[in-house]
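As a plain string of letters, each chain reads:
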Amino acid sequence: MSSTTEREKEAPRPVRRPGDRIFEALSTSAGILILLTLLGVAVFLTLEGLPGITASADEIGGKTGGKGFFAYVWPLVFGTVWAAFIALIIAVPVAIGVALYISHYAPRRLSSTLGYVIDLLAAVPSVVYGLWGLLFLSRELAPFYQWLADTFGFIPFFAGNPSGGVSANSILTASLVLAVMVLPIITAICREIFLQTPRLHEEAALALGATRWEMVRLAVFPYARSGIVSASMLGLGRALGETMAVAMVLSASGVVTFNLIGSTNPSTIAANIALQFPEAFGTFTNVLIATGLVLFVITFAANFAARAIVERRKDFSGAN
Amino acid sequence: MTTTLQKTPEPFDLKSELQEHQLPLWVPKAIVAGAAVVGVLLAVSGAVSIAQAVLIGWALTWALPIASRVVEGGRKASDRTVTLLVSSAFGLALIPLGSILWLVISRGGPQLSAEFFTYSMRNVVGEGGGIYHALVGTLLITAAATIISVPIGLFTAIYLVEYGDGNRLSRSITFLVDVMTGIPSIVAGLFAYALFVIFFGEGIRLGIGGAVALAVLMVPIVVRACEEMLKLVPNELREAAFALGVPKWRTVVKVVLPTAISGIVTGVTLAIARVIGETAPLLIIAGLTDSVNFNLFSERMTTLPVFTYFSVKFPGVPPEASIDRGWGAALVLIIIVMLLNLVARAVSYFFSPKGER
Amino acid sequence: MAKSIDVSDLNIYYGDFLAVEGVNITIPQKSVTAFIGPSGCGKSTFLRSLNRMHEVIKGAHVDGKVLVDGNDLYGADMDPVNVRRMIGMVFQRPNPFPTMSIYDNVLAGQKLNSKKMKKSEADTTVERALRQAGLWAEVKDRLDRPGSGLSGGQQQRLCIARAVAVQPEILLMDEPCSALDPISTSVIEDLIHELKTEYTIVIVTHNMQQAARVSDDTAFFNLAGVGQPGKLVESGRTEKIFSNPDNPATEAYIQGRFG
Amino acid sequence: MAKSIDVSDLNIYYGDFLAVEGVNITIPQKSVTAFIGPSGCGKSTFLRSLNRMHEVIKGAHVDGKVLVDGNDLYGADMDPVNVRRMIGMVFQRPNPFPTMSIYDNVLAGQKLNSKKMKKSEADTTVERALRQAGLWAEVKDRLDRPGSGLSGGQQQRLCIARAVAVQPEILLMDEPCSALDPISTSVIEDLIHELKTEYTIVIVTHNMQQAARVSDDTAFFNLAGVGQPGKLVESGRTEKIFSNPDNPATEAYIQGRFG
Amino acid sequence: GAGNEESSGSGDLSGTLNGAGASSQQATVAAWKSSFQTENPDATVNYDPVGSGGGREQFIAGGVDFAGSDAPLDDEELAAAKERCGGEIVEVPVYVSPIAVVFNLEGVDSLNLSAQTIGAIFEGTITTWNDPAIAADNPDADLPSDPIVTVHRSDDSGTTKNFTAYLEETSGGSWTAGEVETWPTPEGESAQGTAGMIDRVGATANSIGYADASQAGDLSTAAVKVGEDFVEYSPEAAAAILEKSAPIEGRGETDLALEIDRATEEAGVYPVVLVSYAIACQTYEDEAKAELVKGWLAYLVSEEGQAKAAEDAGAAPIGGDIATQAQDAVETISAG
Ligand SMILES: Nc1ncnc2c1ncn2[C@@H]1O[C@H](COP(=O)(O)OP(=O)(O)OP(=O)(O)O)[C@@H](O)[C@H]1O
Ligand SMILES: Nc1ncnc2c1ncn2[C@@H]1O[C@H](COP(=O)(O)OP(=O)(O)OP(=O)(O)O)[C@@H](O)[C@H]1O
Ligand SMILES: [Mg+2]
Ligand SMILES: [Mg+2]
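Report on the accompanying structure. Computed from a prediction, not measured in an experiment: that's the story for all the values here. Every chain begins its residue count from 1, and numbering advances along the sequence as written. Numbering of ligands from 1 and lettering of chains from A proceed in the order in which they are written. Confidence filtering applies because this is a predicted model: local features only for residues at pLDDT of at least 70, side-chain atom pairs given and counted only at 80 or more, and all residues used for totals across whole chains, interfaces and linings. To obtain the side-chain values, all non-hydrogen atoms of the structure were included, while hydrogens and water were left out.

Bringing the coordination of the magnesium ion (ligand 3) into the picture now. Residue and element names in this part refer to chain C. Here a donor is an N, O or S atom found within 2.8 Å of the metal, or within 3.2 Å if the metal is Na, K or Ca; sites may look incomplete because water is not among the atoms. Protein coordination at the magnesium ion (ligand 3) comes from Ser-44 (OG) and Gln-92 (OE1), with a distance range of 1.8 to 2.3 Å. Of this pair, Ser-44 sits in helix α1 (residues 43-49) while Gln-92 is found in the loop between β6 (87-90) and α3 (102-113), placing the two residues 48 residues apart along the sequence. Residue classification places Gln-92 among the buried residues on the basis of a relative accessible area of 17%. Working definition: helices are DSSP H or I runs of at least four residues, strands are E runs of at least two. Numbering for both runs from the N terminus. Only protein chains enter the accessibility calculation, which uses a 1.4 Å probe; a residue is then buried when its area is under 20% of its type maximum, exposed when over 50%, and partly exposed in between.

Let us now look at the interface of chain A and chain B. Whether two residues are in contact is decided by their heavy atoms: any pair within 4.5 Å suffices. Tallying the contact residues gives 91 residues for chain A and 92 residues for chain B. The term buried area denotes the loss of accessible surface (1.4 Å probe radius) that occurs when two parts are joined, taken as the sum for both partners. When chain A packs against chain B, close to 8200 Å² is buried across both sides, 74% of that on carbon and sulfur atoms. For salt bridges, the criterion is a side-chain nitrogen of Lys or Arg within 4 Å of an Asp or Glu carboxyl oxygen. On inspection of chain A and its partner chain B, the count reaches one salt bridge. What qualifies as a polar contact is a pair of N or O atoms within 3.5 Å, subject to a donor-acceptor requirement within protein and to the restriction that residues adjacent in sequence count only when both atoms come from side chains. Between chain A and chain B we count 14 residue pairs in polar contact (both at pLDDT 80 or more) in total. Among the elements of the structure, α2 (18-54), α4 (69-105), α5 (108-122), α6 (126-152), α7 (171-196), α9 (212-241), α11 (269-276) and α12 (283-311) of chain A are those that each provide at least two residues to the side of chain A that touches chain B. The leading source of residues in the side of chain A that touches chain B is α2 of chain A, at 19 residues. The nonpolar class holds Ala, Val, Leu, Ile, Met, Phe, Trp, Tyr, Cys and Pro. Asp, Glu, Lys and Arg form the charged class, and all remaining residues, Gly among them, are polar. When grouped by side-chain class, the residues that make up the side of chain A that touches chain B number 57 nonpolar, 23 polar and eleven charged.

This part covers the interface of chain C and chain D. Taken together, the contact pairs 35 residues of chain C with 35 residues of chain D. Each partner contributes to the roughly 2800 Å² buried at the junction of chain C and chain D, and carbon and sulfur atoms together form 51% of this total. Seen at the junction of chain C and chain D, the total is zero salt bridges. Put simply, the parts of the chain that give the side of chain C that touches chain D at least two residues each are α5 (136-139), α6 (152-165), α7 (182-195) and α8 (208-214) of chain C. No other element matches α6 of chain C, which puts five residues into the side of chain C that touches chain D. Here the residues of the side of chain C that touches chain D sort into eleven nonpolar, 16 polar and eight charged.

Between its terminal C-alpha atoms helix α8 (residues 182-195) of chain D stretches 19 Å, which fits the 20 Å expected from 14 residues at 1.5 Å a residue. Among the residues of α8 of chain D, Pro-182, Ser-184, Thr-185, Ser-186, Ile-188, Glu-189, Leu-191, Ile-192 and Leu-195 of chain D are the ones counted as buried. Expected helix span is given by 1.5 Å per residue-to-residue step, counting one fewer step than there are residues.

On to the nonpolar core. As used in this record, nonpolar core signifies buried Ala, Val, Leu, Ile, Met, Phe, Trp, Tyr and Cys residues forming a set joined through side-chain atoms within 4.5 Å. Counting residues in each nonpolar core, the largest one holds 264 residues, and the members touching the most others are Tyr-129 of chain A, Phe-35 and Phe-46 of chain C together with Phe-97 of chain D. Considering each element in turn, this core owes the most residues, 23 residues, to α4 of chain A. Domains are outlined according to an automatic or database domain assignment. Summarising the domain contributions, this core has at least three residues from each of domain 1 (25-109) and domain 2 (118-356) of chain B. Setting aside anything within four residues of it in sequence, one finds Phe-46 of chain C in contact with Val-7, Leu-10, Ile-12, Val-23, Ile-25, Phe-35 and Phe-221 of chain C. With 57 residues, the next largest nonpolar core counts Ile-99, Phe-163, Tyr-166 and Ile-322 of chain E among its residues.

In structure tokens, the structure reads:
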């Protein structure tokens, strides 16, 4: 094996033609622009957020209920992760199912129309999702929650209120709204990826006597793995960052609880910012921005984990 | 070759192998039809609610995979189970869609009138007025955001897939794009505001500022979606182009992008749909106004979601007229995205591989 | 155990385009049948219609009858999955699963049928199939590497190993040796010889010598003209077709040039 | 016009894996050189290194020298795009562009480089290239259909037409006839004959007769053992290699079995 | 341009006036704007409903010409605002909006509640509807034994602030969390915004909440105890409390930040109110701007403006002495 240094000496930067150089410069600078933007956002968040993190409980004052930054942010972190987690648990399987239905199960002539129908969900603005959650979903779900509490009340998730009632504006409702919101995002990307599965490999699987489902498992899913993860991460990003709909639907009170159908629920960082920011001033503004920084970190951690999963089998990518 | 072939020893009959372990063709149809009939009858009879009837009908269709497991064995049964699950997923997704559309259309539909589209809210109190100003704002700001973010996002994706090659810059971009997907929209608004304050001083409100905030939200979606689609283009095709003496950039533009176009278009429309409904960041940087403004670079602009939000949230007295306008605006917004989607589909159909699918 | 195939009046379409017309042929069991003919005459198309792979292509359909031991493959009550399970296929273009390792590629079909396989049993199957395809020596040290990092010929042999591993009743091979060097080719030919004691085998080949060497029966397809559908010109015992064909076109093709 | 190629001490790597080691060979101009050898010995790899297609694969690199008329292909001032424009290539697996019609596929070299061409000129080019590849008659009525709807052999000929249409100085062909029937094969062989009056041609083939028929020089590659890199065993005039090779391995391979 | 953007008023004010602040003022400002702009076709008023805090902050930072707020500037902000203005500020109340105690209780459409009881309910010490404390004030009502579901605002709001201020001053200790903008305890349901509150109370059986009275719609509202009587909210009753209130001591002439006497026992006064302010500088560098601000604020506190607010936004007008004081304060705005 020749050592790398030797190779580098022998092959200095290869000649590039102007077109290529311009194109590469363009695409590199696009990447760098993103870097700078993010740097800008990060600097902004850090500068504005730092005073909030370092401020003592007294400085922050009554707005946080006399708590310091970390005590304040912890229930929010919990709520954010919990709501997004439930939303994804619900949305990802359904989205994959829908995408698969459109790409491989529905009559071929219908499939593009059906895709369009689901894309409509992506067209709904979050304010409308909020209204829908408030005016429709929560009312429809109330009896169901009551039934859950009556039947499964012994499970902490379905404990309901201490007084025996339930709240239809609980974290579960908010998560359901989030799930519906992220569904079209995940579906659309998964669908495109499923459709890209090379015919060659689908035929290989079918010729082995695979049923349709087995063909999907053998040829489609492995090929689409990284795409599914990416799609879910985009969905997660939306679920974590969604403000209006959650703010409008959730009956939030900054507690940490796994109870899915009670009236006291953890709030989420993004919704909390949306709710508190307008009336915030002074150090509390910084506290809120600092919670935004925390959301950043959460998003990053989730994506990092997902990337790690995908990277591990990179050699086995479908593009070869 | 010394290995011998161990064949399945028992002689088997083709007939049984191929046919007997199979449900007759009419069975699936009959089960689905039967379940549907039972559901409809229950619903009509009024014995149970419609939701319950649907649920019962759906539960009955499970007879098919169960029968299949008994008669046809595990593999067939799994296949049927998955088919049922996948179709149910689709049906399930239609429920929220249906109820949202019904809600918006039934409340917003009656609002749509010539006046609604041609009037702004300037000097309007109570009844009347329209969304002209918000419509203009939405179209301009979203278009500007798209113009900013699509080239950046697409070029970045191209960099990551075609040029980055896993080097340090590309890894850090990937990393940052990931983080970017989690920026709460309001933070994007604050950031854009802080950015514009540097140049224009406090209190600045500009349509283009809103576009920048939206672009911050759009870029990661565009990058991610495009990146995935570009990755799926087989290397074979790139090699075929290279071997013809085609420079890399032309290969990317003329071979890779057209092959991935339908996915890219989907990604871009998704990104647009994602931000076109944003409220919080626009309020901070684009402000709120009742009047029409065509200039992105001066003064405030209202967009449909902001309009909807405030119409519904602070309706005045009596509230009905304003709330109705809010629903009307929401409906218009949905229609816009629908049309956009249609156009995008036409575009991708036009460019995508001929034949095959 | 092995099956014979009876085809009568089969027309094969791609959408509106009639690709192959009016095929009548009997493919005997436990023997090797070779399809020969000029490029584009419909050999692959016909081969694919024998295990219902044809209908996978959008708009593609057939009419006519294909009977396997008397059962109509295209009968309404016939499940294509069973058909394909019983009738294996190797494609003209090698298509290993790029997302799977070499090991998993070989077991891909096997795993469908017996979910729980002992590790040792699986190892045996993989080794046997790879040996049969003459690939064992080359890949035994990198069974866990992706199948796409192999040379063209290696990929083709991997696909053969994968098809053999499931032990189908009938094996359809579309130019299995076209990407192979003489040594690998002879390994595959040995495999075909060995398999035909128990299986029915159909191969498409451009190589007349190969057809002559391995097949018991030969079918010659031809195009009547440009834009015309492909037709089965004649079929029969290989010796006869090669030495004394009934149809002058067959003779012309075979004599014309040897690959 | 045509160029000769001098290769000295070329090692070819896939990442850390040394696939081909220490190749020294001179490929004379205006002649046909054939590469033969068992599957996986590195023929395709070596061929791809001759027009810098090898480096397209991630982690792949070479060391050593490849001189074309005295210019080092891998020199610092050499533009791979120009190299590839000058040195055309046909791949082992046919790869027409699925987004393009048959017509556009043939013109891909020109179209992708945005060369302006008069319609009539373009039509002439397409017809000439397709005729040379022996595909004209079959596709002339459906030039606007996608290239992916062709049979395997048709796709391969389409790729040949595409490579020929740009009139490179040197043409590298990786098993161009493996998917072709004898008739098409002879069309391609005629094409090779015709081209060699002006171009330098290198082909990889598994077919000994073909090598003997079309090539002026032959190079035999072999693997020393499993996991070992491929090596150029010997090269020289085709008559000599086939009748009286220096190396016993060559003799064994050639004598061993004829494809 | 839009079909409705032509108008022929006679006013001669022109230019663009930007303001930001309480989102609760949004509807009222919209009503004012429409008449003001019709009167002065060359003038445009923009108002960003970013919230009181945001409005005050932007005003101090010099981002907007005036601010709307649900609460007067505090001392610290006042100092900063004076710095921005390079002089005194003008801070005038522009309307009063009564806060209704709304409830959803089947078979009961009117309730009498004392501040003490309301405090105890929201504190969580009274938990059922048939609690003796409630029953005592409502001898005729058929009170169920169901648990009370309290609903509070999940966002920061002036409504919460004023409601808790009322409880703090009058509940006699049954409410312990003091005057807060953010609801202090996790118990009970929460809802975003006035609309969310109204909707939630409407949708939740046995619930009770508080909201801007003009938006209460079909919900039942409670009468609160003042002195010995129970008073239903009404614009007049709410406005009456201003008579009982005086400007905070120690502020400038033109700063009419009010100390509201919520503990009043005077008959016919509805004490659960929120007073909204407009904040501006006394001097502006630009003559035209000064005229515009003055014209705008003058309109807000004029009788006409107050009537408009009452009619189109359901706000209670300010009247009496305070109105005159406010008009005088506004008149001092000038360029300089
Ligand atoms: N992309 C790749 N990554 C890693 N190793 C590879 C790759 N492609 C080929 N190889 C390995 O390099 C060696 C030479 O492969 P090459 O494709 O050059 O063989 P070949 O002589 O063309 O064989 P064939 O006749 O089967 O096409 C083989 O061991 C092969 O497994
Ligand atoms: N997917 C397809 N859509 C439309 N036409 C097709 C398709 N595949 C093949 N054809 C056409 O059907 C005819 C028969 O093709 P087929 O692939 O069966 O030929 P073949 O005999 O296998 O040729 P080869 O030896 O080149 O592989 C050809 O004219 C071909 O162009
Ligand atoms: Mg074929
Ligand atoms: Mg090769």
